[in-house]
Amino acid sequence: MELDFDVVDLGPADHPEVGERAPDFTRPLVTDESWADVALSELVAEDDDPTVLVFHSMDGAFPATYAWNEIRDREWHADATVVGLSISTPYAHKRLLEERDLGEAYRLYSDPANGVAEAYGIAVEMDGMAGIAEPRPAVFVLDSDRTIEYAWVATEWPDFPDYDAVEAVIR
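Residues numbered from 1 in each chain as written. Predicted model: local features only at pLDDT ≥ 70, side-chain atom pairs only at ≥ 80, totals over all residues. Heavy atoms only, no water.

A. Seen up close, the overall build of the chain. In terms of regular secondary structure, the chain is built from 5 helices and 11 strands. The globule rule puts the C-alpha radius of gyration for 171 residues at 16 Å, and the 15 Å found for the chain is close to it. Dimensions along the principal axes, computed over C-alpha positions, put the chain at roughly 40 × 35 × 30 Å. In the chain, which comprises 171 residues, the share counted as buried stands at 48%. Sequence-distant contacts in the chain: of pairs separated by 6 or more residues, those separated by 24 or more amount to 70%. When the accessible surface of the chain is split by element, carbon and sulfur atoms take 46% of a total near 8,400 Å². Of the side chains in the chain, 11 bear a positive and 38 a negative charge, and the two mean positions are spaced by 4 Å. (Helix = DSSP H or I, 4+ residues; strand = E, 2+ residues; numbered from the N terminus. Rg over C-alpha atoms; globule rule 2.2 N^0.38 Å. Buried < 20%, exposed > 50% of the residue type's maximum accessible area, 1.4 Å probe, protein only. Contact = heavy atoms within 4.5 Å. Areas by Shrake-Rupley, 256 points an atom, 1.4 Å probe, with all protein chains shown as cover. Lys, Arg positive; Asp, Glu negative; His and termini not counted. Charge placed at Lys NZ, Arg CZ, Asp CG, Glu CD.)

B. Inspection of the pattern of salt bridges at higher detail. Enumeration over the complete set of coordinates arrives at 9 salt bridges. The closest approach of N and O atoms between Arg-74 and Glu-167, which form a salt bridge, is 2.9 Å. In this pair, Arg-74 is assigned in helix α2 (residues 62-74) and Glu-167 in helix α5 (residues 163-170), connecting sequence segments 93 residues apart. Of the residues examined, Arg-74 reaches a relative accessible area of 23% and is grouped as partly exposed. (Salt bridge = Lys/Arg side-chain N within 4 Å of Asp/Glu carboxyl O.)

C. The nonpolar core, seen in detail. In this structure, Val-52, Trp-68, Ile-71, Trp-76 and Val-82 are the most contacted members of the largest nonpolar core, which totals 24 residues. Put simply, the parts of the chain that give this core at least two residues each are β4 (51-55), α2, α3 (90-99), β6 (106-110), β9 (138-142), β10 (148-153) and α5. Contact partners of Trp-68, with chain neighbours within four places excluded, come to Val-54, His-56, Val-82, Val-83, Gly-84, Leu-96, Leu-102, Tyr-106 and Leu-108. Residues Leu-29, Phe-55, Val-83 and Phe-140 belong to the second largest nonpolar core, which totals 21 residues. (Core = buried A, V, L, I, M, F, W, Y, C linked by side-chain atoms within 4.5 Å.)

D. Layout of the sheet that holds strand β5 (residues 81-86). In spatial order, the strands read β3-β2-β6-β5-β4-β9-β10; together these 7 strands make up an open sheet with mixed pairing. The open sheet has two edge strands, β3 (35-39) and β10, and neither has a second partner. Adjacent strand axes in the sheet meet at a mean angle of 25°, parallel and antiparallel pairs treated alike. As judged from the 5 bridges shared by β4 and β5, these two strands associate in the parallel manner. (Pairing = 2+ DSSP bridges. Axes fitted to C-alpha atoms, helices over the stretch in contact; angles between N-to-C directions.)

E. Expanded view of the packing of aromatic side chains. In the structure shown here, the tally under the stated rule is 10 aromatic pairs. When the ring of Trp-35 is compared with that of Tyr-91, the centres are 5.0 Å apart and the planes differ by 80°; the resulting orientation is edge-to-face. One end of the pair, Trp-35, is in strand β3; the other, Tyr-91, is in helix α3, and 56 residues separate them in sequence. Judged by its relative accessible area of 34%, Trp-35 is partly exposed. (Phe/Tyr/Trp six-rings, centres within 6.5 Å; stacked < 30°, edge-to-face > 60°.)

F. Inspection of the environment of Gly-84 at higher detail. Position of Gly-84 among the secondary structure elements: in strand β5. Along the primary structure Gly-84 and Arg-72 are separated by 12 residues, whereas in three dimensions their C-alpha atoms are 12 Å apart.

G. Representation of the packing of α2 against α5 in the model. Relative to each other, α2 and α5 sit at 40°, their axes nearing to 12 Å. One finds that α2 runs oblique with respect to α5. Remark: the crossing between α2 and α5 carries right-handed chirality. In this structure, α2 uses Tyr-66, Ala-67, Glu-70, Ile-71 and Arg-74 to contact α5, whose residues at the interface are Tyr-163, Asp-164 and Glu-167. (Parallel < 35°, antiparallel > 145°, perpendicular 65-115°, else oblique. Left-handed = near helix turned anticlockwise from the far one by under 90°.)

H. Geometry of the pairing of β6. By the criterion of burial, β6 is predominantly enclosed, with 5 of the 5 residues buried. Pairing of strand β2 (residues 26-30) with β6, which is carried by 2 bridges, proceeds in the antiparallel orientation. What sits directly across from Leu-29, in β6, is Tyr-109. As paired elements, β5 and β6 share 5 bridges and run parallel to each other. Within the sheet, the bridge partner assigned to Val-83 lies in β6 and is Arg-107.

Take a look at the structure:
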């Protein structure tokens with residue numbers, strides 16, 4: 001199957017860097033069974049493992065599908081708390097968890113207004129959709145007090161993180 005799309009330059013982002021503290025937020029956190037408002041600080045404090053915060057495009061878009069298949073297949077959950085975030089609704093996230101067979105190992109924050117991406121400096125207008133923005137693809141690895149140990153933010157769409165580099169940090 002051949003995909004036909006244009007690469008879009010997203011330009012620079014003003015995101016938090018390694019060594020800085022990741023902004024806290026509270027949004028609905030979707031599991032395979034339910035969802036509830038959970039603060040990032042609460043999630044990070046749950047255990048001593050690093051937390052991997054994965055910003056992704058809307059559920060159902062090929063970049064989100066590809067990224068979550070890769071993360072699932074690499075079993076990042078064995079060494080870290082892995083949580084995603086996009087503008088998709090809790091209902092769409094529940095479907096993504098089921099369709100990608102992410103089960104209990106992964107959870108997804110729902111942020112339809114894109115406020116978290118704005119706070120992280122990674123919001124981007126969706127090409128050809130006036131007034132609609134989503135987070136650019138990004139991965140932040142956080143320690144137990146939300147200090148950023150690794151940061152990757154896309155500069156073009158589609159773009160994907162260096163999965164090996166993320167694994168080196170969490171393992």
